[in-house]
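# A closer look at the structure
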Amino acid sequence: DREQIDVVDDFAYPLPITVICRLMGVPREDEALFQGWTDVIVASADIGPEEDTTERDKAGLQARQEMGRYLVDLAEQRRGRPTGDMLSDFINEPDPALRLTVEELAETTILLFIAGHETTVNLITNGVLTLLRRPEELDRLRREPGLLPRAVEELLRYEPPVHMRERIPLADIDVAGTTIPEGTSVILALASGSRDPKRFHEPDRFDPTRPDNEHFGFGSGIHLCYGAPLARIEAETALGALLPHLGTARLVQDPPPYRQNAMLRGPRHLPIHL
Ligand code: HEM
């Protein structure tokens, strides 16, 4: 019922936390705690060029520890009393070889919260931004919502939430005639690979009907994103729910303000007029 909303704060930001809380079995009344913790952890990963980040780093670490303690305590309450959620499954794993230690349980569950939060927020927000910049594509999706899954794939290629990752080779490796020495830091420019003109026809064009769209939006190889199926469902559901309301919507600010983060790309806010 409002004329103007912030797609990030009012819509995209709360969704992935709510979803992962429900999957983990966090009681609804505690979801706000997770909003607070992820906020602080994600902010601590942003890079301010001239800023002193000591305080932010400290706050991020503290939030991680509090979140870990909460999740381990909640899992402990479910030991021997399964409740059908992920935390309960982790703690009641019958095979000792597969059972997680307390540290592994904390790290794994924190990772599931962090890896799937900002990324999914950015995919939804980048999606709204891309479509509002292209009214003809927005109209087409509104007429043919069946195209949405392919539009989400194209967003992951064209405007990906994760731009780069780092690898450190364990031995000298040869890549296209160049030797990368063991132990050096290698930046994988995933977003650039997804716009490689040798691989993609007209790579700088957003085309929701693009055939053979094998992008690097979720990485590749053994570290391929394991939340990808969930992220796809969340983005399709969120954009699908918003599409009917975007007929006369327009961007209030273009470009919107972005997070200062070399790895994750997405607007910090996206005000739109409905
Ligand atoms: C649009 C949303 C998402 C994007 C763009 C994304 C992107 C990525 C990328 C690029 C990687 C590869 C990292 C690397 O190679 O170093 C990755 C890994 C990972 N993602 Fe996602 N992700 C998303 C959502 C999620 C969700 C919802 C979850 C879980 C709930 C998740 C959990 C993970 C985990 C655990 C890994 C590490 C896998 C490994 O190292 O074996 N992600 N993600």
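The structure presented is a predicted model; accordingly, all values stated were derived computationally and were not measured.

### Examining the overall build of the protein chain
A count of helices and strands for the protein chain gives 11 helices and 7 strands. Relative to a compact globule of 274 residues, whose C-alpha radius of gyration would be 19 Å, the protein chain shows 20 Å and is just as compact. Reported as C-alpha extents along the three principal axes, the dimensions of the protein chain are approximately 60 × 55 × 40 Å. A buried classification covers 42% of the 274 residues belonging to the protein chain. Intrachain contacts of the protein chain at a sequence separation of at least 6 include 66% that bridge at least 24 residues. The average position of the 30 basic charges and that of the 46 acidic charges among the side chains of the protein chain differ by 4 Å.

### A word on the coordination of the iron atom of the ligand
From the protein, the iron atom of the ligand takes a single donor atom, Cys225 (SG), 2.3 Å away. Counting through the fold element by element, cysteine 225 comes out in the loop between helix H10 (190-193) and helix H11 (228-242).

### Details of the nonpolar core
With 35 residues, the main nonpolar core has Val128, Leu132, Leu141, Leu239, Leu270 and Ile272 as its most contacted residues. Elements represented by at least two residues in this core include exactly helix H1 (7-12), helix H7 (118-133), helix H8 (135-143), helix H9 (148-158) and H11. Top contributing element to this core by residue count: H7, with 7 residues. Within the second largest apolar cluster, 22 residues are counted, among which are Phe34, Val72, Leu87 and Phe113.

### A look at the layout of surface pockets
Empty space among the atoms becomes apparent when a probe as large as a water molecule is rolled across them. Empty space within the largest pocket amounts to approximately 1300 Å³. Along the walls of the largest pocket sit 47 residues, with Leu111, Ala115, Gly116, Thr119 and Cys225 positioned nearest its centre. Looking at the lining of the largest pocket element by element, the count peaks at 6 residues for helix H6 (residues 102-115). In terms of residue class, the lining of the largest pocket is made up of 31 nonpolar, 11 polar and 5 charged. A volume near 260 Å³ is recorded for the second largest pocket. If you trace the second largest pocket, you find 16 residues lining it, with Glu214, His215, Phe216, Gly217 and Gly219 closest to the centre. Across the lining of the second largest pocket, the residue classes break down as 5 nonpolar, 6 polar and 5 charged.

Reading the values: rules and limits
Residues numbered from 1 in each chain as written. Predicted model: local features only at pLDDT ≥ 70, side-chain atom pairs only at ≥ 80, totals over all residues. Heavy atoms only, no water. Helix = DSSP H or I, 4+ residues; strand = E, 2+ residues; numbered from the N terminus. Rg over C-alpha atoms; globule rule 2.2 N^0.38 Å. Buried < 20%, exposed > 50% of the residue type's maximum accessible area, 1.4 Å probe, protein only. Contact = heavy atoms within 4.5 Å. Lys, Arg positive; Asp, Glu negative; His and termini not counted. Charge placed at Lys NZ, Arg CZ, Asp CG, Glu CD. Donors = N, O, S within 2.8 Å, 3.2 Å for Na, K, Ca; no water. Core = buried A, V, L, I, M, F, W, Y, C linked by side-chain atoms within 4.5 Å. 1 Å grid on protein atoms, 1.4 Å probe; cavity = no way out; pocket = protein on both sides within 12 Å on 5 of 7 lines; lining within 4 Å. Points joined across faces, edges and corners; volume = space filled by probe spheres on them. Nonpolar A, V, L, I, M, F, W, Y, C, P; charged D, E, K, R; others polar.

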